[in-house]
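The residues making up each chain are set out below.
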Amino acid sequence: MNIVLLEPEIPQNTGNIGRTCCATGTKLHLIEPMGFRINEKSLKRAGMDYWEDLDVTIYDSYEDFLEKNPNIKMWYATTKAPNRYSDVKLGQDDYIMFGKESAGIPEEILAENKERCIRIPMNPEIRSLNLANSVAVVLYEGLRQNNFAGMQMEGELHRLQWK
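Parameters at a glance
Once a new chain begins, its residue numbering starts again from 1 and follows that chain's sequence as written. Owing to the predicted nature of the model, reporting of local features is limited to residues with pLDDT of at least 70; listing and counting of side-chain atom pairs is limited to 80 or more, with chain, interface and lining totals taken over all residues. Side-chain calculation: all heavy atoms of the structure are included, whereas hydrogens and water are not. Definition of nonpolar core: a set of buried residues of the types Ala, Val, Leu, Ile, Met, Phe, Trp, Tyr and Cys, connected through side-chain atoms within 4.5 Å. Relative accessible area decides the class of each residue, using a 1.4 Å probe on protein chains only: under 20% of the type maximum gives buried, over 50% gives exposed, and in between gives partly exposed. Whether two residues are in contact is decided by their heavy atoms: any pair within 4.5 Å suffices. If DSSP finds at least two bridges between two strands, the strands pair. Note on conventions: DSSP H or I runs of at least 4 residues are helices, E runs of at least 2 residues are strands, and numbering of each starts at the N terminus. Here the axes come from fitting lines to C-alpha atoms, over the contacting stretch only for helices, and the angles between their N-to-C directions go from 0 to 180 degrees. The definition of a polar contact used here is a pair of N or O atoms within 3.5 Å, where within protein one atom must be able to donate a hydrogen and the other to accept one, and adjacent residues in sequence count solely through side-chain atom pairs. The rule is short: rings of Phe, Tyr and Trp, with Trp giving its six-membered ring, pair when the centres are within 6.5 Å, and they are stacked under 30 degrees, edge-to-face over 60, tilted in between. We count a charge as sitting over a ring when the NZ of a lysine or the CZ of an arginine lies within 6 Å of the ring centre and within 35 degrees of the ring normal.

**Q** Explanation requested: the nonpolar core in the structure shown.
**A** In a soluble, globular protein the nonpolar side chains are often hidden away together inside. Residues I3, L5, I17, L28, F98 and V138 are the most contacted members of the largest nonpolar core, which totals 27 residues. Filtering out sequence-adjacent residues up to four positions away, L28 remains in contact with I3, L5, I17, G18, C21, W51, L54, D55, V56 and T57. Ranked by size, the runner-up nonpolar core spans 15 residues in total, among them Y59, Y62, A81 and I109.

Shown next, in the form of C-alpha cells:
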C-alpha cells in the first residue's frame, strides 16, 4: 500500500507515520511544501531508528506527484467525506492521501473525487483525529482487508514459552 502526505506540517507526525510505514511495508509519499526539513531531529526521533529503512519519495508539488504516479487508485481521507473508510475496498496497490494538519486536503481536490473520499467516523464536536493516528487507522483497515499480506502474524516470548 501507499500513504501520501500532502504538505505535512508537523515533523513528529511524519516521523510516526514513517515508522508505521516501515512496520507495514508501506511506501510513503511526501508532497512539498512541508512545514519542516526532512533532516530535522524531531522527525527522525519520532521515526526512531527506522527512518533509514523507510521507502519514501518526496515530490515538489501535487502536480509533480500526479505526473510521476499516473493511473493510480487514490483514496482521499477527509472529515468531509460521505464514505466511511471501512465501507470501501482498499487494494494492496492503492494510495491513501492525507492532507496537512491545519487544513486537510484542499476542497478543489476533494470535489473532483467524491467517490474516492473516505472518512473516519468520530463525535461531531471533534474537528479531527491526529494525523498519525488517522493514517494508522485507515492503513490497518486496508491491510486487514488484504489479509495482512506479507506481514508477520506470530510472535515469540523472549524468556518464557506460550502455554
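**Q** Please explain the sheet that holds strand β7 (residues 117-119) as it appears in this structure.
**A** The parallel open sheet is built from seven strands, whose spatial order is β3-β2-β1-β6-β4-β7-β5. Strand pairing shows two members of the sheet lacking a second neighbour, β3 (56-59) and β5 (83-84), which therefore form its edges. Relative to β3, strand β2 (residues 27-31) runs parallel, the two being bridged by four bridges. Its bridge partner lying in β3, H29 is registered against T57. Docked against the sheet, helix α1 (residues 11-24) engages β1 (2-6) and β2, running at close to 155° with respect to β2. Each of β1, β6 (95-98) and β7 is contacted by helix α5 (residues 131-145), which is oriented at about 160° to β6, the strand it contacts most.

**Q** Would you mind going over the environment of D55 with me for this structure?
**A** Mapped onto the elements of the fold, D55 is located in the loop between α2 (41-46) and β3. In this structure D55 comes out as partly exposed when scored by relative accessible area, which is 42%. Along the primary structure D55 and G18 are separated by 37 residues, whereas in three dimensions their C-alpha atoms are 8.7 Å apart. Apart from the residues within four sequence positions on either side, D55 is in contact with T26, K27 and L28. Within the structure, D55 has its side chain in polar contact with the side chain of K27 (distance 3.0 Å).

**Q** How should the packing of aromatic side chains be read in this particular structure?
**A** The way to describe two aromatic rings as a pair is by their centre distance and the angle between their planes. One pass over the structure, following the stated rule, counts three aromatic pairs. For the pair F65 and Y95, a centre-to-centre distance of 6.1 Å together with 65° between the ring planes defines the contact as edge-to-face. With F65 in helix α3 (residues 62-68) and Y95 in strand β6, this residue pair connects regions lying 30 residues apart in the sequence. The class of F65 is buried, set by a relative accessible area of 0%. You can call Y95 buried: its relative accessible area is 11%. Among the aromatic residues, those joined into a ring-pair cluster are Y59, F65 and Y95. The aromatic ring of W75 is capped on one face by R116, whose charged end is 5.0 Å from the ring centroid.

**Q** Sorry if this is basic, but what is going on with the side chain of H29 here?
**A** As for its position among the elements, H29 is in strand β2. Among the polar contacts listed, one links the side chain of H29 to the side chain of N2, at a separation of 2.9 Å.

**Q** What am I meant to see in unusual backbone geometry here?
**A** Most peptide bonds take the trans configuration, and most residues that are not glycine carry a negative phi. Cis geometry marks the peptide bond from E32 to P33, where omega comes out at 0°. Relative to the helices and strands, P33 resides in the loop between β2 and α2. A positive phi angle, near 50°, is found at F148, a position not held by glycine. Note on placement: F148 falls in the segment after α5. A relative accessible area of 22% means that F148 is categorised as partly exposed.

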